[in-house]
Amino acid sequence: MAQSVTYRSDPRIHADADHLLRLGARSRALSLLPRQPARSILNGRHASRLRGRGLNFEELRNYMPGDDIRTIDWKVTARTGEPHVRIYTEERDRPALLLVDQRVSMFFGTQVYMKSVIAAEAAAIAAHCILRQGDRVGGVVFGDTDLAEHRPQRRAAALSQFLSSVGALNVSLRADMRREPTVFLNDVLNQAARIVHTNALVCVFSDFDGIDDASETRLRRLARANDLILFQVSDPSAQQLAPGLKLTVSDGNEQIELDSTDPGLSQRIRNTLDDRLARLKDWSRRYGFPIVPLTTAEPTLDQMLRLFGHRGGR
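What comes next concerns the included structure.

The rules we used
- Residues numbered from 1 in each chain as written.
- Predicted model: local features only at pLDDT ≥ 70, side-chain atom pairs only at ≥ 80, totals over all residues.
- Heavy atoms only, no water.
- Helix = DSSP H or I, 4+ residues; strand = E, 2+ residues; numbered from the N terminus.
- Buried < 20%, exposed > 50% of the residue type's maximum accessible area, 1.4 Å probe, protein only.
- Contact = heavy atoms within 4.5 Å.
- Areas by Shrake-Rupley, 256 points an atom, 1.4 Å probe, with all protein chains shown as cover.
- Pairing = 2+ DSSP bridges.
- Salt bridge = Lys/Arg side-chain N within 4 Å of Asp/Glu carboxyl O.
- Core = buried A, V, L, I, M, F, W, Y, C linked by side-chain atoms within 4.5 Å.
- Phe/Tyr/Trp six-rings, centres within 6.5 Å; stacked < 30°, edge-to-face > 60°.
- Right-handed = clockwise from strand over helix to strand, strands pointing away.

**Topic: the overall build of the protein**
- Within the protein, the regular secondary structure consists of eight helices and ten strands.
- Put simply, the protein has 314 residues, and 50% of those count as buried.
- Looking at the protein alone, contacts between residues at least 24 apart form 75% of all its contacts between residues at least 6 apart.
- Carbon and sulfur atoms provide 50% of the accessible area of the protein, an area that totals close to 15600 Å².

So, in structure tokens, the structure goes:
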């Protein structure tokens, strides 16, 4: 696992663990519970409502006046000749797993923030909300060659450990990094399916670079048994490169120079990113999971407040 850097960096470029921990006090208005504000993105046309905690079967007993007739077990009733009902209690909590992309491809931004910072902050805000609402929170933080797994727990110390891993990978990112990738998004989605099986909340914070047909299979499997939310992080350059902009872009292994004076460059970049977003939207419609769009041009908390229907978001 990458080690934390001791110096203090620009918070628009790097987000360390202390910064991520401080986001908790500023995000109290947000909730990831099933009941959402009317304007929340989770109440949108193609967004499935969060299912919330599951139910545990407690007992089978004779029907009593006032019992909900929908709880009658008709098979047992027919076999015994007397009405019986199945009694359930709500689970005390549910697990949440946050997948946080900190690959070199995320260390990019042409406006205010790096995509890696937006992803790290959004994951931290979500983690604080989940723990505050009484659920277990954990995650998988991954770079091109590093991965840290945190099993869901309902402890403040576990949240600190998770955010320490996010911060450590975030502050280790550098533009001149040269690494042959050994960790891929599909591997992380597979790992998520091994950690949580049913009735969990799974959130993915990424630009979704490298998705393919196999990604669809993995996302479908996660969405079938759990609540899945994709936090898709993008940069405004996906729509239009600023005039006269010259960029050096690296995937951790190779490096290229981009010059916005090239008339076809913006269109090629836009086509690539539009295709990626179109695939995500198609899967969203098919499998009923929402996509939360985040941009590097605005503070993360402002965006999330607005997207989740709170007036505090600008």
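Next comes the rest of the account.
**What to know about the pairing of strand β3 (residues 95-101)**
- Most of β3 is tucked away: seven of the seven residues are buried.
- Residue alternation in β3 divides its side chains into two sets, P95, L97, L99 and D101 and A96, L98 and V100, and both sets are buried.
- Where β3 lies against strand β4 (residues 136-142), seven bridges are found, and the strand directions are parallel. Note that in β4 the partner of L99 across the bridge is V140.
- Relative to strand β6 (residues 201-206), β3 runs parallel, the two sharing five bridges. By the bridge assignment, V100 is partnered in β6 with F205.

**Some points on the pattern of salt bridges**
- Taken as a whole and judged by the stated rule, the model has 14 salt bridges.
- Among the ionic pairs, D209 bridges to R276, the shortest N-O distance being 3.2 Å. In this pair, D209 sits in the loop between β6 and α6 (213-225) while R276 sits in helix α7 (residues 265-287), placing the two residues 67 residues apart along the sequence.
- According to the relative accessible area criterion, D209 is partly exposed, its value standing at 29%.
- Residue classification places R276 among the buried residues on the basis of a relative accessible area of 17%.
- For D282, the salt bridge identified is with R286, shortest N-O distance 3.2 Å. Residue D282 and its partner R286 are located together in helix α7, separated by four residues, close to a single helical turn.
- A relative accessible area of 24% means that D282 is categorised as partly exposed.

**Let's talk about the nonpolar core**
- Core analysis: the largest hydrophobic core is formed by 49 residues, its most contacted members being L98, F205, F231, L294 and F308.
- Broken down by element, this core gets its largest block of residues, 13 residues, from helix α3 (residues 115-132).
- Ignoring sequence-local partners within four residues, the contact set of F205 consists of L98, L99, V100, D101, A119, A122, A123, A126 and F231.
- Within the second largest apolar cluster, 26 residues are counted, among which are L185, I195, V196 and L228.

**Regarding the packing of aromatic side chains**
- Enumeration over the complete set of coordinates arrives at two aromatic pairs.
- Relative to F231, the ring of F205 lies with its centre 4.4 Å away and its plane at 20°, an arrangement referred to as stacked. A residue pair is termed long-range when its members are at least 10 positions apart, and F205 in strand β6 and F231 in strand β7 (residues 227-234) qualify at 26 residues.
- For F205, a relative accessible area of 0% puts it in the buried group.

**Re the pairing of β6**
- Of all six residues in β6, six are buried, a share of seventy percent or more.
- Where β6 meets β7, six bridges bridge the pair, whose relative direction is parallel. Counted as the bridge partner of V202 is L228 from β7.
- The handedness of the β6 to β7 crossover, carried by α6, is right-handed.

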